[in-house]
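This is what each chain is made of:
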Amino acid sequence: MSLRLPFFGLLSYKSPMTKLLDHYDKIASGMDMIEDSLECYISGGGICKAFTTLSEEVDVLEDQADKIKRNIRNHLPRGLFMPVDKVVFFNYTRSQDNILDDGQKALNWLMMRPVAIPPPFHKGLLGLVAEVTETVHLLRPALESTIGLIHGNHYDRSGTKDKLRAVRAQHKAVGKASDEIVREVYNSDMDFKDIHQLTHFCVALHSMSHNTEGCADLLRAMMAR
């Protein structure tokens with residue numbers, strides 16, 4: 001029989017569930033920097049100083065997020081019941097961490113060589129990044145609400161599910177935006193190397209959103225226990 005204990009609110013140490021918010025905040029900060037980086041890249045007609053600096057800052061945030069993830073995993077309560085399945089918890093930390101990992105991949109594709117992005121693609125690329133950013137931002141209220149439900153701070157299961165659905169619906173919007181800009185780039189007269197870089201950049205952005213949706217699915221699994 002599965003037993004969920006409301007012991008986290010009674011003990012003095014910080015719940016490992018709550019620490020997921022600390023980890024998330026690093027991910028969200030990195031996502032915001034990626035959005036700034038693309039704006040810089042497009043306006044500069046390729047790699048600019050600000051873009052390089054922002055990319056390095058994203059690397060620092062990813063390293064900080066990794067440290068938080070390891071700390072969470074290495075300091076789980078011993079001899080006590082976890083309020084959620086430990087395997088699901090581990091999978092969630094990995095999926096959330098993968099969001100920024102894919103963000104690094106996206107920036108690395110643009111860093112390989114300068115690409116002068118034609119003006120017709122500016123709006124589409126910036127729109128795609130904005131859609132991905134929105135998906136990542138929607139994860140925090142979903143995570144907060146799930147943690148509150150699991151800890152017994154509230155009992156709004158319906159509202160929590162709505163927040164999880166919002167993440168999934170936003171991911172669908174990302175898929176449509178990604179498909180559209182990739183189609184346009186493939187059918188353009190750009191150099192093949194430029195097409196290759198930009199399409200892989202879009203794929204990495206889509207993966208960020210996909211991992212965010214995966215986090216929402218895992219939060220739903222935590223609720224189901």
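Relevant structure appears above.
The structure presented is a predicted model; accordingly, all values stated were derived computationally and were not measured.

1. Some details on helix 6 (residues 192-224)
Then, in step 1: With 33 residues, helix 6 extends 48 Å from end C-alpha to end C-alpha; this agrees with the ideal 48 Å at 1.5 Å per step.
Then, in step 2: The residue sitting at the N-terminus of helix 6 and contributing the capping side-chain oxygen is Asp191; that oxygen lies 2.9 Å from the backbone nitrogen of Lys193.

2. Examining the packing of helix 5 (residues 157-186) against helix 6
Then, in step 1: The N-to-C vectors of helix 5 and helix 6 enclose an angle of 165°; their axes lie 9 Å apart at closest approach. Compared by their axis directions, helix 5 and helix 6 come out roughly antiparallel. Note on packing geometry: the crossing formed by helix 5 with helix 6 is left-handed.
Then, in step 2: Broken down by class, the residue content of the contact of helix 5 with helix 6 amounts to 13 nonpolar, nine polar and six charged.

3. Structural notes on the nonpolar core
Soluble globular proteins: nonpolar side chains tend toward being buried together.
Then, in step 1: Core analysis: the largest hydrophobic core is formed by 65 residues, its most contacted members being Tyr92, Leu125, Phe201 and Leu205.
Then, in step 2: Mapped onto this core, the elements with two or more residues apiece are helix 1 (16-43), helix 2 (49-74), helix 3 (86-111), helix 4 (122-150), helix 5 and helix 6.
Then, in step 3: In terms of residue count, helix 6 provides more of this core than any other element does, 13 residues in total.
Then, in step 4: Ignoring sequence-local partners within four residues, the contact set of Tyr92 consists of Leu20, Leu139, Leu143, Cys215, Leu218, Leu219 and Met222.

4. With respect to the packing of helix 4 against helix 6
Then, in step 1: One can describe the packing of helix 4 onto helix 6 by two numbers: an axis separation of 10 Å at closest approach and a directional angle of 15°. Relative to helix 6, the element helix 4 is oriented roughly parallel. Both helix 4 and helix 6 take part in a crossing whose hand is left-handed. Contacts between helix 4 and helix 6 involve Leu125, Leu128, Val129, Val132, Thr135, Val136, Leu139, Ala142, Leu143, Thr146, Leu149 and Ile150 on the former and, on the latter, Leu198, Phe201, Cys202, Leu205, Met208, Ser209, Thr212, Cys215, Ala216, Leu219, Met222 and Met223.
Then, in step 2: When grouped by side-chain class, the residues that make up the contact of helix 4 with helix 6 number 20 nonpolar, four polar and no charged.

What counts and how
Residues numbered from 1 in each chain as written. Predicted model: local features only at pLDDT ≥ 70, side-chain atom pairs only at ≥ 80, totals over all residues. Heavy atoms only, no water. Helix = DSSP H or I, 4+ residues; strand = E, 2+ residues; numbered from the N terminus. Expected span 1.5 Å × (residues − 1). Polar contact = N/O pair within 3.5 Å; in protein donor to acceptor, adjacent residues only side chain to side chain. Axes fitted to C-alpha atoms, helices over the stretch in contact; angles between N-to-C directions. Parallel < 35°, antiparallel > 145°, perpendicular 65-115°, else oblique. Left-handed = near helix turned anticlockwise from the far one by under 90°. Nonpolar A, V, L, I, M, F, W, Y, C, P; charged D, E, K, R; others polar. Core = buried A, V, L, I, M, F, W, Y, C linked by side-chain atoms within 4.5 Å. Buried < 20%, exposed > 50% of the residue type's maximum accessible area, 1.4 Å probe, protein only. Contact = heavy atoms within 4.5 Å.

Keep in mind that these numbers describe shape and distance, not what the molecule does.
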